[in-house]
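These are the residues of each chain, in order.
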Amino acid sequence: MRKTDITKYAGKNYKDSAAVTPKSLGKIILKAFMTVLTIFIISGIIVSVSLISFILSMKDETINYDLHKLQLNYTSFIYVNGENDDSEHPVKYQSLYTSENRVWVDYDKIPQGMKDAIVAIEDKRFWDHHGVDWYRTFGAVANLFSSGGSYGGSTITQQLIKNVTGDSDVSLTRKVKEIFRALNLEKSYSKEEILTAYLNVVNFGSGTNGVQAAANLYFDKNIQDCDIAECAAIAGITKNPSKYSPLVHPELNKQRQQVVLKEMVDQGKITKSQYDSAMAESEHMKFVGKQAANQVNSVPIWNWYVDTLFNDVKNGLMEAYNCSSEKAVDMIYHDGLKIYAAMDTKMQTIAENTLKADDVFGTDKNLQAGYIAMDYTGRVLATVGARGEKKGNRLLSFATDTKRQPGSTIKPLATYSQAIESGKYYYSSILNDTPLDNWFSNGKPGPKNAGPGNTSGKYWGPVTMEFALQKSLNAAAAQLCNTITPNVCFNFLKNKLEFTSLVPADNNRAPMAIGGLSEGVTVREMTAGFQMFANGGKYYRPYTFYHVDDHDGNVILDNRKNISKQVISSTTASIMHRLLNTVITGGTGTRAAISGWEVFGKTGTTNDDKDSWFIGGTPYAVAGIWTGYKTPAHLAKTTYAATIWKSIMSEYLKNKPKKTFTYDPNVISASYCTITGLRANSADQNVKTGWYDKNNMPPVCSGVHPGESSAVTSVSSASSEMGSLGDSSGLESDISSTESLPESQINSERSTPEDLPTGSTPPGKVQRETPGKPQHEAPGHAVSPQN
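Given the structure is predicted, the values throughout are model-derived calculations rather than measurements.

The rules we used
- Residues numbered from 1 in each chain as written.
- Predicted model: local features only at pLDDT ≥ 70, side-chain atom pairs only at ≥ 80, totals over all residues.
- Heavy atoms only, no water.
- Helix = DSSP H or I, 4+ residues; strand = E, 2+ residues; numbered from the N terminus.
- Contact = heavy atoms within 4.5 Å.
- pLDDT = per-residue confidence, 0-100.
- Salt bridge = Lys/Arg side-chain N within 4 Å of Asp/Glu carboxyl O.
- Buried < 20%, exposed > 50% of the residue type's maximum accessible area, 1.4 Å probe, protein only.
- Pairing = 2+ DSSP bridges.
- Axes fitted to C-alpha atoms, helices over the stretch in contact; angles between N-to-C directions.
- Phe/Tyr/Trp six-rings, centres within 6.5 Å; stacked < 30°, edge-to-face > 60°.
- Lys NZ or Arg CZ within 6 Å of the ring centre and 35° of its normal.
- Core = buried A, V, L, I, M, F, W, Y, C linked by side-chain atoms within 4.5 Å.
- Patch = residues over 30% accessible without salt bridge, like charges linked within 9 Å, V, L, I, M, F, W, Y side chains within 5 Å.
- Areas by Shrake-Rupley, 256 points an atom, 1.4 Å probe, with all protein chains shown as cover.
- Parallel < 35°, antiparallel > 145°, perpendicular 65-115°, else oblique.
- Left-handed = near helix turned anticlockwise from the far one by under 90°.
- Expected span 1.5 Å × (residues − 1).

Colleague: I would appreciate a short explanation of the side chain of Thr-527 in the present structure.
Modeller: Relative to the helices and strands, Thr-527 is located in helix α21 (residues 523-530). In this view, Thr-527 contacts Ile-372, Met-374, Ile-615, Val-622, Ala-623 and Gly-624; residues no more than four positions away in its chain are not counted.

Printed below as a string of C-alpha cells:
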C-alpha cells in the first residue's frame, strides 16, 4: 500500500501524531529525569539518615582506662600455688619489670617551654577546643577527598587516645570513634591532665617514652632543666620518632627543631629575642645519648610458662580495656598487678629440664619440640616452647604460637568421635580400609596406608573401628570421614573445639580425615581438644592464670569460673577413651605406656615425616608434644614425641596417689564378633571385648559369615599378622608416611610377606579377598554405619 493510501485511511489522526511527537518526547524525558531525581533524593535521605544514625551510635564512645593510672610505676608480681600445689595458699613467684626507658613527671615539673613547644607544633588551638579542632578536621577531610592524602588533623587529645588504645586503623569509622572519644575525654579531664598524660606517654625516639626519659637520654638532665631550644628539639621528634631522633639523624632533628621554634615565635609563645637565642643554640646543639641512672639494663630470663602467661594476661587486658597490645604490656609492667598463675611448678620444672638436656634428641641439635600439659578443666599445668636453654623473654613458642600439620592426631577429634556421637557407629563397627577414588590431584585413589604389611600402599579391607584407630589406618579414616561428611568434622573442630586457623578449604576429606590442614594447628589447641576424652565430653578453654588483681586488689580478669561446653556426650567420651586405650596397649602408641597407670592417646606423623606428635592423658593430666624442625624437613626418627611425653609424665606421676579415670555408667562392656563387628553370639569363635552405650547396642551377630569357607581372614587374624611383623610399637599410618624406628628394629618391624622365605606364611595370614569389597557381613544387617 502506498503512503497516500495510509493517509487516506488514517485521516486527521495521522497528521496530528506527526505534529505532537516532539512534545511527547519532551514529556517522556522530563518524566524520566524527575523519576531519577526522586530516586536520588530518596536514596540521599536514606543514606543521610543511616549515616547520621551510624555516627550518633558512637556518641558515647570513650576509653575504658583511667588516665591517672598512667603515672603508676608499680612492679607487678606473679603468684603460684603453695606447697603440694595448694591453690588456697599462693606464694610470690617472681616480679615483672622491663628495661623500657620511661619516667613519669608531673605537670608542675614540666617547663613552660616544653608545654608551649608541643602545643605550638602539634595542636595550636589545644587550649581553645573541646577535644577536636574542627578547622583542622574539615581541612583534613577536604584534603582527603581532593588529593587522596592521609586524614591527619588529630589534636593532642586525639593523639593521646591513639597512644593509650593503640587503635591506629586507617578508616573513617575509627576517626569518628576517635572524635567522640576525644570530646568525651575532655568532659572528664582537665586540659592540664590531658597534656601531662600526653607528654609522659608519647614516643620520643630511641626507646624513650615521655619527656623526662627523652631529656635524660638526649641531654643528660631532667626535663625541668631543659631550655627552650632543647624543649623544641624534643617536641620535634613526635612527628616521626625514628626519622627525627637526634641520636640517629641530628641534621633532620635540627631542621624539625627550627620549625618548632618558628611556630612558637609566630604564635607569640616566645619573644623574638628568645627565638634568636634558641636558633643560635640549635646550630651547635650536642646530644649525649646517656641512659638514666635508674634504667634497668637487664631483665632476668623467665621460664616458658611465664612467657605464655604474659601473653594470655596481655590478651585478657586488651579485651577487658579495649586497648592496644602495647598498652596492655605497659599495664603489666607498671600497674602493680597481682597475677595468680595456674602453673604446676613441679611439672613445669620436669618438662623444662627434660627438654633442656643436650641429648634429648640424640646427636641432632636442630630438632625442635613444643610441649604443653593441662588438667581436665582447662588449667595449663606446664608448657615448654622449644628445646634447650631459654635465652630471652616472650620468644616464639612451638607449643602455643606456631601451627603445624597434626597428622593422625586429628583422627580421634574430627572423625572417630563424630562417628560415635552420631549413634550410627559403635566401638566395633566395620570400616572399609580401602582407597577412595580421586583422592590425589592426579585422579588416583587414596590415601595410602603405611606401616607393617602396607609399605607398598596395601589395604586391610573391612576392619573394626578399634583396629583402624589402633593401627591408625588412613584409608579407613578417610572412608569414615567421607560417610559422616567432612562438613560435620569441620564444624565440630571450628565451633566446638574452637580451632582458630581452619579455613574453608579445610572442609574436605583429606584435612578432616588425616590432618592435612591449610595452616595447621597449635599444640595447645590439639591438647585442649583431647580433654573431652577423660572429662565426660566437655571442652574447657585453656587458661594459665586463675585471676588477675589490680594494685588496689580489684579482680580485673578471672578464670576461676571457667565455663565448659558439652561438645560430645559422656557416653561417646567413654567409648572414645576405651578406643584410645588400645592405641597404647597394642597400637602405634606403645612407647607412651607407663607401668601401673592407665594411658590413652594418639600418635601422628605427616607427609614425608616432617612432623611427629603424641597427645595423651593419664588420670592426672593430658599433654601434647610436637617434634620437628623450625623449617619443616624430613625427620630421621619420629619416635621422640611419644618417648619424651612418657619421660615427662612418668616423672610427674612419681609418688602421686593412685587415681583412676571415671567412665560413664551407661557404657558397658560386651563381646563382639571381630568379623561382623556385631555383638557376639554364643557360637562365635572370633571374639573380643568392646565398649558400648547400653541404650544403643549393636545387633547380635547371626553367626553366618558369608565367604568364610573361602579362607577369608577375620580382623583377629589381621591382628595376628600385624603382630607377626613386629610389636608395632611406634608404627603408624599417617599421610602416606611411616614413623621411623630405632635402626635395630627396622628390619624386623618393617618386614613384609615378600621379605619372608619362600613358602612361609606369617601366623594368622590367610589369603584376603579383593580390597574394596566387604569380606564379612551378617545377613540382614548393614556392616556400617549402624542405623
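That was the structure; now back to the text.
Colleague: Would you take a moment to explain the confidence of the model for the chain for this structure?
Modeller: Fine structural detail should not be taken from predicted coordinates in areas where pLDDT scores are low. Summing up the model confidence of the chain, the mean pLDDT is 84 and the portion of residues at 70 or higher is 80%. Ignoring residues within four places in sequence, the model shows residues 709-787, a span with pLDDT below 50, making 193 contacts including any to other chains.

Colleague: Would you take a moment to explain the pattern of salt bridges for this structure?
Modeller: When the charged atoms of two side chains lie near each other, side chains of opposite charge can form a pair. Evaluated as defined, the whole model comprises 16 salt bridges. One salt bridge in this structure joins Asp-85 and Arg-379, with 2.8 Å as the shortest N-O distance. Here Asp-85, found in the loop between β1 (76-82) and β2 (86-96), pairs with Arg-379, found in the loop between β6 (368-374) and β7 (380-384); they are 294 residues apart in sequence, far enough to count as distant. The exposure class assigned to Asp-85 is partly exposed, which follows from its relative accessible area of 30%. When the shortest N-O distance is used, the salt bridge between Glu-186 and Lys-191 registers 3.0 Å. Under the relative-accessibility criterion, Lys-191 is labelled buried at 14%. Taken together, the shared-partner salt bridges connect Glu-251, Lys-254 and Glu-283 into one network.

Colleague: What am I meant to see in the sheet that holds β7 here?
Modeller: Within a beta sheet, neighbouring strands are joined by backbone hydrogen bonds and run either parallel or antiparallel to one another. Here 5 strands make up an open sheet; going across it, the order is β7-β6-β16-β15-β14 and the pairing antiparallel. Pairing within the sheet leaves two strands with one partner each, and these edge strands are β7 and β14 (600-605). The average undirected angle you get between the axes of adjacent strands in this sheet is 5°. Where β14 meets strand β15 (residues 611-617), 6 bridges bridge the pair, whose relative direction is antiparallel. Among the inter-strand pairings, Thr-603 is bridged to a residue of β15, identified as Phe-614. Strands β6 and β7 of the sheet are contacted by helix α15 (residues 345-356), whose axis makes an angle of about 20° with β7.

Colleague: I tried to follow the packing of aromatic side chains on my own but got confused; where do I start?
Modeller: The way to describe two aromatic rings as a pair is by their centre distance and the angle between their planes. According to the stated counting rule, one finds 16 aromatic pairs in the structure shown. Between Phe-361 and Tyr-640 the ring centres are 5.1 Å apart and the planes differ by 85°, which places this aromatic pair in the edge-to-face class. On the criterion of sequence distance, the pair formed by Phe-361 in the loop between α15 and β6 and Tyr-640 in helix α23 (residues 640-653) is long-range, its members being 279 residues apart. Phe-361 gets classed as buried once you look at its relative accessible area, which sits at 1%. Judged by its relative accessible area of 15%, Tyr-640 is buried. Pairwise contacts between aromatic rings join Trp-302, Phe-310 and Tyr-333 into one cluster. Taking the ring centre of Phe-77 as reference, the NZ or CZ of Lys-92 above it sits at 4.1 Å. In this structure, Arg-256 is placed above the aromatic ring of Tyr-244, and the distance from its NZ or CZ to the ring centre is 5.9 Å.

Colleague: Would you mind going over the nonpolar core with me for this structure?
Modeller: Nonpolar side chains in soluble globular proteins tend to be buried together. Ranked by size, the top nonpolar core spans 188 residues in total, and within it Leu-317, Tyr-371, Leu-493 and Trp-645 carry the most contacts. Tallying contributions element by element places α23 first for this core, with 9 residues.

Colleague: What is the right way to read helix α3 (residues 112-122) from this model?
Modeller: The buried fraction of α3 is high, at 10 of 11 residues. Listed as buried for α3 are Gly-113, Met-114, Lys-115, Asp-116, Ala-117, Ile-118, Val-119, Ala-120, Ile-121 and Glu-122.

Colleague: Would you take a moment to explain a nonpolar patch on the surface for this structure?
Modeller: Judged by side-chain polarity, Leu-30, Phe-33, Met-34, Leu-37, Ile-41, Ile-45 and Val-49 come together as a nonpolar surface patch covering roughly 660 Å² of accessible area. Inspection of the secondary structure assignment puts Ile-41 in helix α2 (residues 12-56). Judged by relative accessible area, Ile-41 falls into the partly exposed class, the value being 46%.

Colleague: What am I meant to see in unusual backbone geometry here?
Modeller: Negative phi characterises most residues that are not glycine, and trans characterises most peptide bonds. Residue Pro-447 is reached from Gly-446 by a cis peptide bond, and omega for that bond is 0°. Inspection of the secondary structure puts Pro-447 in the loop between β8 (430-433) and β9 (461-464). A positive phi is found at Asn-655, a non-glycine position, where the angle reads about 65°. Here Asn-655 lies in the loop between α23 and β17 (667-673).

Colleague: Explain the packing of helix α16 (residues 410-421) against α21 to me, please; I cannot follow it from the model alone.
Modeller: Packed helices, taken two at a time, are described by their axes: the angle between them and the distance between them. Axis separation between α16 and α21 bottoms out at 9 Å; the angle between their running directions is 50°. With respect to each other, α16 and α21 are oriented oblique. Here α16 runs over α21; the crossing is left-handed. Taking contact as the criterion, the partners of Ile-410, Pro-412 and Leu-413 in α16 are, on α21, Met-526, Gly-529 and Phe-530.

Colleague: Where do I start with helix α11 (residues 250-266) in this structure?
Modeller: Since the α-helix turns once every 3.6 residues, residues separated by three or four places project in the same direction. In a regular helix each residue adds 1.5 Å, so 17 residues correspond to 24 Å; α11 covers 24 Å between its end C-alpha atoms and thus fits that length. Among the residues of α11, Asn-253, Lys-254, Arg-256, Gln-257, Gln-258, Val-260, Leu-261, Met-264 and Val-265 are the ones counted as buried. Contact partners of the buried residues in α11: α3, α9 (228-235), α10 (241-244) and α12 (272-283).

Colleague: Explanation requested: the sheet that holds β1 in the structure shown.
Modeller: On the basis of which strands lie adjacent, the open sheet formed by 5 strands has the order β2-β1-β5-β11-β12 and mixed pairing. This sheet does not close on itself; its edge strands, each paired only once, are β2 and β12 (555-558). Neighbour to neighbour, the strand axes of the sheet diverge by 20° on average, direction disregarded. Inspection of the sheet shows strand β5 (residues 338-341) paired to strand β11 (residues 545-549) by 4 bridges, in the antiparallel sense. Within β11, the residue paired with Ile-339 across the bridge is Val-548.

Colleague: When you look at the environment of Trp-439 in this model, what are you seeing that I'm missing?
Modeller: One can find Trp-439 in the loop between β8 and β9. Separated by 70 residues in sequence, Trp-439 and Arg-509 place their C-alpha atoms 8.6 Å apart. Beyond its immediate stretch of four places on either side in the chain, Trp-439 contacts Lys-444, Pro-445, Gly-446, Pro-447, Ala-478, Arg-509, Ala-510 and Ile-514.

Colleague: Can you help me understand the environment of Pro-241 in this one?
Modeller: With respect to the element layout, Pro-241 can be found in helix α10. Considering only alpha carbons, one finds Pro-241 and Gly-205, 36 residues apart in sequence, at a separation of 4.4 Å. For Pro-241, the residues in contact, after removing those within four places along its chain, are Asn-203 and Gly-205.

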